[in-house]
Every structure is written in C-alpha cells, then in structure tokens.
Amino acid sequence: MQTPQENQPARGPALVTGAAGFIGSRVVARLLERGVTPVRCLTRPGSRTLGALADHPNVEVVTGNLLSRDDCDRIARGAAVVYHLAAGKGTKSYPDAFANSVVTTRNLMEACGAAGTVRRFVNVSSFSVYSNVGNPRRRLLDESCPAEPRPARRDAYTYAKSKQDEMAVGMGRRFGIPVVIVRPGYVYGPGGGPAISGRVGLGGFGLFLHLGGGNPVPLTYVDNCADAIALAGLAPGAEGEVFNIVDDHLPSSRRFLRLYKRHARRFRSLYLPHAASYLLVWAWESYSARSEGQLPPVYNRALWHAFWKKTRYTNAKAKHLLGWEPLVPTEEGLRRWFAACREELARA
C-alpha cells in the first residue's frame, strides 16, 4: 500500500474548487486524512463555510469566482494537483450552465497552464454525459461507453458537463497537464437533501411515477465518492483515465423505493413498465416537437435510455487502478441517509 506522500504527484498545495459543497467538503476532509497538505479551498463569496475544517492548520480558505481570470490566477499559483468540483448545477438555463461549468473550466485550466506547477487536474464529471441509446438492454455501462453525441437534446446540466469534459481534456493537452475524469453516479448522504434520484422515478405529476423497476440505481455514498475523487489525484498511473464511481451491492429501483417509503417518507406511487414509460416519453417528445416550444422537451427518448433502460454498472476500474474501496457499505449508507431525510422532512 502506497503512503499518502508516495501517492502525491508533486509537492505543493492541493487546490479544491467547490470546496464548501456537498461533495467538496468531504474531499477536503479525505485529503487531510490521507496526509495531503496544505489544502487550498476555493469557496464562492457568501457561500456556506467549511465549518470546523476552515480552522484546520493545513487548510487555506480563499474566496473567489472562477469566472474571474484574476481569481483563477491567484488560486492556481503554486498548486500541484487540482480537484475541480465547482459546477453550475441546478440551473435550467443553457447559457448559465455553460458559463458556470465550461467557461470556468477554461479559465481555471488557463491559470493552471500559466502557473506551471500543476501535475494533475481532476475533473469531476457525471454519469449524465453517457449515451445509452446504442447499448443493448442490460449492457454493462463502463468507462468505454460513448458520451452523448448531442447533449443539448437532454438538458442544460448534461450539455454543460459534456462540454466541460471536452474543455478539460483539450486544455490539458494544450498545456501538458494530465487530466483525470471522475464520473460519479447518484451521490447521496446526509446534507444532500431528501430528493429521490430521477433514475428511480418522477414526481410533480400529483403522483410519483416509478419508472426504474428492477434496474439497479447507480448510487455512491458521499464519503465513498469523495475518497475516490481524492485518490484520483494521488494514485500513480491514473493520468488520462476516466473512472466511474458507484458503490457495491447496488439496490434495484424497486427495492430503493420500498426502503425510502419505509424509513423516510410514505407516499403514493404508480409503477410504469418500461414499455409504458418509453411510450410516455415518446409522446412527450413528439408533442414538444409539434408545439413550437409550448412544451419543453424535458422528457425524451435519449433521457429514457440514460435513466430507465435496463443497465448494469461497475466500479472495477476504480478499484483496480486507484486502489479504491467503498468506505461505507450501501446498507449503512442508506440507513444514515434515511435518518437524515426523516429529520429534514420533519423540519420542513
């Protein structure tokens, strides 16, 4: 087993963007636990703090905005490894998503190139970038699967994350900076809210539509995901690789929904078989095309293939090349999250 010092690709600060976020704060904690020092944490002005981590003697908290080239130059100066978690998540606007994921990545990569000290750039992506259209049913979705060729037809987040990946790889080649891409599945855990993954089903119709059926849900507990991201910047031989991050013993969509209802919140749901759900999104997509923009194409066949088609997942590559193992078993992770969901829902 490599020591943290042997794993570290170069001496100097590890820079974490989005450090105050749900995953970012855990990445900072995992880096410190693995002996990486110092850790430079970028937070946005007015964002929530890192809590007790902000007072750690080996943590440097800086505020800034990645849309500012000056801020990027300031935070990248002297950095040895960069963990890029900041992204424009949550926006439905394509221009906003592009600016906060793609433009920010370009600015940061240019600053890293100017700094001349960065030996590895870890770009945190998403399962959403994969296309599952051409894959047979029940096919294993791994790192060799193609990305969505027309991400704009899916949603703003998928479009922005796809273009962010392209930007990071292209700029990495330009500046000679090795890039590692980490693609987590659905990240969950305390602090992540009580929302159910869209891969299980959809609310907002007056009734929860269960669409996942017997499909496994590509879950990763937040601490497990953070540890994989930390290792992606430290493990020897990871340069240029893509890693999918999911936990072991993934529950089926049906089992997950049953457990959520039992341990977090009870509600009515209606199961739609795969053929019915495909017909539903086909009808939505067709009407959207004829409605001249009155009905946005938020549900379409590309989304169905990505979210609800029968698919299997693997974490074998991360285990083999990163030496990663989930810290928290799935059953324990779900228990912790359900407890947090109950508390949050009680306060609402």
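Values in this document were obtained by computation on a predicted structure and should not be read as measured data.

A. Representation of the pairing of strand 7 (residues 179-184). For strand 7, a buried count of 6 out of 6 residues is recorded, marking the element as mostly surrounded by other parts of the structure. Residue alternation in strand 7 divides its side chains into two sets, V179, I181 and R183 and V180, V182 and P184, and both sets are buried. Direction of pairing for strand 5 (residues 120-124) relative to strand 7: parallel, over a ladder of 4 bridges. Looking at the pairing, F121 lines up with V179 of strand 7.

B. Local environment of unusual backbone geometry. Here T37 and P38 are connected by a cis peptide whose omega angle stands at -15 degrees. Looking at the secondary structure, you find P38 in the loop between helix 2 (24-33) and strand 2 (39-43). At H249, a position not held by glycine, the phi torsion is positive, near 50 degrees. Summarising the element assignment, H249 is placed in the loop between strand 12 (242-245) and helix 7 (253-263). Residue class for H249 comes out exposed when judged on its relative accessible area of 74%.

C. Structural view of the sheet that holds strand 5. A sheet is described by the order of its strands in space; here 7 strands give the open sequence 3-2-1-4-5-7-12, paired in parallel fashion. Strands at the two margins of the open sheet, each flanked by one partner only, are strand 3 (59-63) and strand 12. Strand-to-strand twist in this sheet, taken as the mean axis angle between neighbours without regard to direction, amounts to 20 degrees. Strand contacts of helix 2: strand 1 (14-17), strand 2, strand 3 and strand 4 (81-84), with the helix running at about 165 degrees to strand 1, the strand carrying the most contacts.

D. Representation of the nonpolar core in the model. Grouped together as the largest cluster of nonpolar side chains are 56 residues, with contacts concentrated most on V16, I23, L31, Y83, I229, F256 and Y260. If one sorts the elements of this core by residue count, helix 6 (residues 222-232) sits on top with 8 residues. Sequence-distant contacts of V16, defined by excluding residues within four places in its chain, comprise G24, V27, V28, L31, V39, R40, C41, L42, Y83 and L85. Judged by nonpolar contacts, the second largest core, of 28 residues, contains L42, I75, L108 and L141.

E. Expanded view of the confidence of the model for the protein. Scored by pLDDT, the protein comes out at a mean of 91, with 95% of its residues at no less than 70. For residues 1-10, every residue scores under 50 in pLDDT, and the model assigns this stretch 16 contacts once sequence neighbours within four places are set aside.

F. How the structure looks around the pattern of salt bridges. Taken as a whole, this structure holds 19 salt bridges when the rule is applied. Residue D223 is joined to R26 by a salt bridge in which the shortest nitrogen-to-oxygen separation is 3.5 Å. In this pair, D223 sits in helix 6 while R26 sits in helix 2, placing the two residues 197 residues apart along the sequence. Overall, the relative accessible area of 22% leaves D223 in the partly exposed class. On the basis of relative accessible area, R26 is assigned to the partly exposed category, the value being 21%. With a closest N to O distance of 2.1 Å, E33 and R30 form a salt bridge. Highlighted residues: E33 and R30, both in helix 2, separated by 3 residues, approximately one helical turn. E33 sits in the exposed class, given a relative accessible area of 56%. By sharing partners, the salt bridges in this structure join R30, E33, R34 and D227 into a single network.

Conventions we followed
Sequence positions are assigned chain by chain, starting from 1 and proceeding in written order. Totals for whole chains, interfaces and linings use all residues, but because this is a predicted model, local features are given only for residues with pLDDT of at least 70 and pairs of side-chain atoms are given and counted only at 80 or more. Excluded from the side-chain calculation are hydrogens and water; included are all heavy atoms of the structure. For every residue, the accessible area obtained with a 1.4 Å probe (protein chains only) is divided by the maximum for its type, and the residue is called buried under 20%, exposed over 50%, and partly exposed between those limits. Helix and strand labels come from DSSP, where a helix needs a run of H or I of at least four residues and a strand needs a run of E of at least two; each type is numbered from the N terminus. By this definition, two strands are paired if DSSP reports at least two bridges between them. Interaxial angle, 0 to 180 degrees, is taken between N-to-C directions of lines fitted to C-alpha atoms, where a helix line uses only the stretch in contact. By definition, residues are in contact when any of their heavy atoms lie within 4.5 Å. Residues grouped as a nonpolar core are buried Ala, Val, Leu, Ile, Met, Phe, Trp, Tyr and Cys residues, joined through side-chain atoms within 4.5 Å. Per residue, pLDDT captures the predictor's confidence, and it can take any value from 0 to 100. By definition, a salt bridge exists where a carboxyl oxygen of Asp or Glu is found within 4 Å of a side-chain nitrogen of Lys or Arg.

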